[in-house]
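# Topology and contacts: notes
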Amino acid sequence: MRLLWLSALTCNGNAHSLLNYPNLRNWQKDFEWLYHPLLPSRYTFKEIEEGIEGCEVLIVEGTFSEELVKYRQPFKALVERYGAQARHIVTVGTCAAFGGIFAQGEEGRSGLFFRGEEPTETFEALRSKSINLPGCPIQPEVLVGTLALLKAGETLPLDRLRRPKYYYAYTVHNGCTRNEYFEYKIDEHRFGSLEGCMFYEHGCQGTFTHGSCNKILWNGLNSKTRNGQPCMGCTEPDFPRMGLWTTQKHMGIPARLPVGVPRRAYLSLAGIAKAFRIERFYKPLMEEE
Ligand code: SF4
Ligand code: SF4
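Residues numbered from 1 in each chain as written. Chains lettered and ligands numbered in written order. Predicted model: local features only at pLDDT ≥ 70, side-chain atom pairs only at ≥ 80, totals over all residues. Heavy atoms only, no water.

### Structural notes on the overall build of the protein
Quick note on the threshold: Going along the chain from the N terminus, every DSSP run of H or I of four or more residues is numbered as a helix, and every run of E of two or more is numbered as a strand. Radius of gyration: C-alpha atoms only; globule rule: 2.2 Å multiplied by the number of residues to the exponent 0.38. Relative accessibility decides the category of a residue: with a 1.4 Å probe and only protein chains considered, values under 20% of the type maximum give buried, values over 50% give exposed, and everything between is partly exposed. We call two residues in contact when some of their heavy atoms are within 4.5 Å. Calculation of accessible area relied on Shrake-Rupley with a 1.4 Å probe; when residues are assessed, cover is drawn exclusively from the protein chains displayed. Under this rule, positive means Lys or Arg and negative means Asp or Glu; His and the chain ends count for nothing. The atoms used to mark charge sites are NZ of Lys, CZ of Arg, CG of Asp and CD of Glu.
Along its length, the protein carries ten helices and 13 strands. For a compact globule of 289 residues, the expected C-alpha radius of gyration is about 19 Å, and the protein comes in at 21 Å, within 12% of that figure. The principal-axis extent of the C-alpha atoms belonging to the protein is close to 70 × 40 × 30 Å. Scored against the burial criterion, the 289 residues of the protein give a buried share of 50%. The contacts in the protein between residues at least 6 apart in sequence include a share of 67% that link residues at least 24 apart. Roughly 14400 Å² of accessible area belongs to the protein as shown, and the carbon and sulfur atoms make up 52% of that amount. Of the charged side chains in the protein, 34 are positive and 32 negative; the average position of the first set lies 2 Å away from that of the second.

As structure tokens, this is what we get:
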């Protein structure tokens with residue numbers, strides 16, 4: 001399968017994240033890079049700019065701007081040319097999917113097909129080919145897995161933001177090792193400790209962020225929340241949100257609740273959980289006798 005990677009306004013974090021895939025060399029045997037900014041490719045960017053044929057999957061990283069001229073061409077024209085050739089258009093990273101950091105406070109900047117949650121019109125004719133893989137950066141396994149499924153001819157079920165459900169139907173909360181503390185409403189978090197949930201005081205967004213970070217571990221080892229850092233919600237269309245590291249509250253209740261949990265249900269469950277004080281949760285488990 002022939003792949004072409006175009007970079008818009010970007011820090012190149014997603015291109016680098018792909019290099020971290022442990023089996024990259026073997027995986028690549030099934031694919032051909034027409035162009036990638038870091039990996040050996042069949043064409044130079046000059047040739048891409050002049051026009052080539054045969055792009056099957058167009059991969060776009062970075063925030064889109066109508067004014068962006070990349071190399072000597074309007075970026076929009078490159079997307080139109082190669083998007084028309086491709087069977088699939090895959091956005092990698094939250095900037096390409098929804099606008100992300102480079103669209104903050106800037107008029108005329110967006111993701112390729114969305115600005116936040118709102119669909120944009122620029123590439124409307126290509127929308128049906130699009131697959132969004134947000135993340136800041138993307139987990140390499142998500143990109144590698146998606147491309148492998150496309151190569152196998154699979155139809156990927158997508159959510160309303162065109163994210164593959166295989167990777168984004170779950171929340172980051174799913175699989176977090178701190179769930180027991182969440183259930184009993186205990187935020188005794190200290191950096192470096194393995195105990196305590198970070199939802200109640202420390203701004204963890206894992207319960208309303210869609211992603212596989214606690215199911216497919218980073219580097220096969222760890223995740224932010226397992227390691228003791230709150231999830232910042234980097235796969236969501238409103239990333240980056242303000243007020244990281246602190247839980248925003250109204251009348252003492254977290255302003256954002258877990259996906260699909262009504263306020264009344266949350267209050268009832270929280271009341272029950274708080275009625276019990278289970279001592280073992282209030283000191284490091286290694287100190288338990
Ligand atoms: S730290 Fe975050 S992801 Fe982990 S259990 Fe608490 S809310 Fe969920
Ligand atoms: S844990 Fe949250 S902030 Fe970190 S990479 Fe995953 S979705 Fe993004």
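Next comes the rest of the description.
### Examining the nonpolar core
To keep things clear, this is the line we draw: The term nonpolar core refers to a set of buried residues drawn from Ala, Val, Leu, Ile, Met, Phe, Trp, Tyr and Cys, joined through side-chain atoms within 4.5 Å.
Ranked by internal contacts, the top residues of the largest apolar core, which has 28 residues, are Leu4, Leu6, Ile48, Leu58, Phe75, Tyr82 and Leu112. Of all the secondary-structure elements, those providing two or more residues to this core are strand E1 (2-7), strand E2 (32-35), helix H3 (45-50), strand E3 (57-61), helix H4 (75-85) and helix H5 (94-98). No other element matches H4, which puts four residues into this core. Excluding residues that lie within four positions of it along the chain, Tyr82 makes contacts with Leu4, Ile48, Gly51, Ile52, Cys55 and Leu58. Counting 26 residues, the second-largest nonpolar core is a separate cluster that includes Trp5, Phe31, Leu147 and Leu156.

### Remarks on the site of ligand 1
Put simply, the rule is: Only heavy atoms are used to decide nearness, and a residue is near a molecule or strand if one of them lies within 4 Å of it. Residue polarity is assigned by list, with Asp, Glu, Lys and Arg as charged and Ala, Val, Leu, Ile, Met, Phe, Trp, Tyr, Cys and Pro as nonpolar; anything else, Gly included, falls into the polar class.
Around ligand 1, the neighbouring residues are His173, Cys176, Arg178, Asn179, Phe182, Cys197, Met198, Phe199, Cys204, Thr207 and Thr225. Partitioned by chemical class, the residues of the shell around ligand 1 number six nonpolar, four polar and one charged.

### With respect to the site of ligand 2
Close to ligand 2 lie Val172, Thr209, Cys213, Trp218, Lys224, Cys231, Met232, Gly233, Cys234 and Thr235. Across the shell around ligand 2, the residue classes break down as six nonpolar, three polar and one charged.

### Thoughts on the sheet that holds strand E7 (residues 88-92)
Short version of the rule: The rule for pairing is simple: two strands pair if DSSP sees at least two bridges between them. For every element, the axis is a line fit to its C-alpha atoms; helices are fit only across the contacting stretch, and the angle between N-to-C directions ranges from 0 to 180 degrees.
The five strands are arranged E2-E1-E3-E7-E11 in an open sheet whose pairing can be described as parallel. Each edge of the open sheet is held by one strand with a lone partner, namely E2 and strand E11 (130-133). This sheet shows a mean twist of 25 degrees between the axes of neighbouring strands, independent of strand direction. In this structure, E7 lies alongside E11, joined through four bridges in parallel fashion.

These figures capture arrangement, not role.
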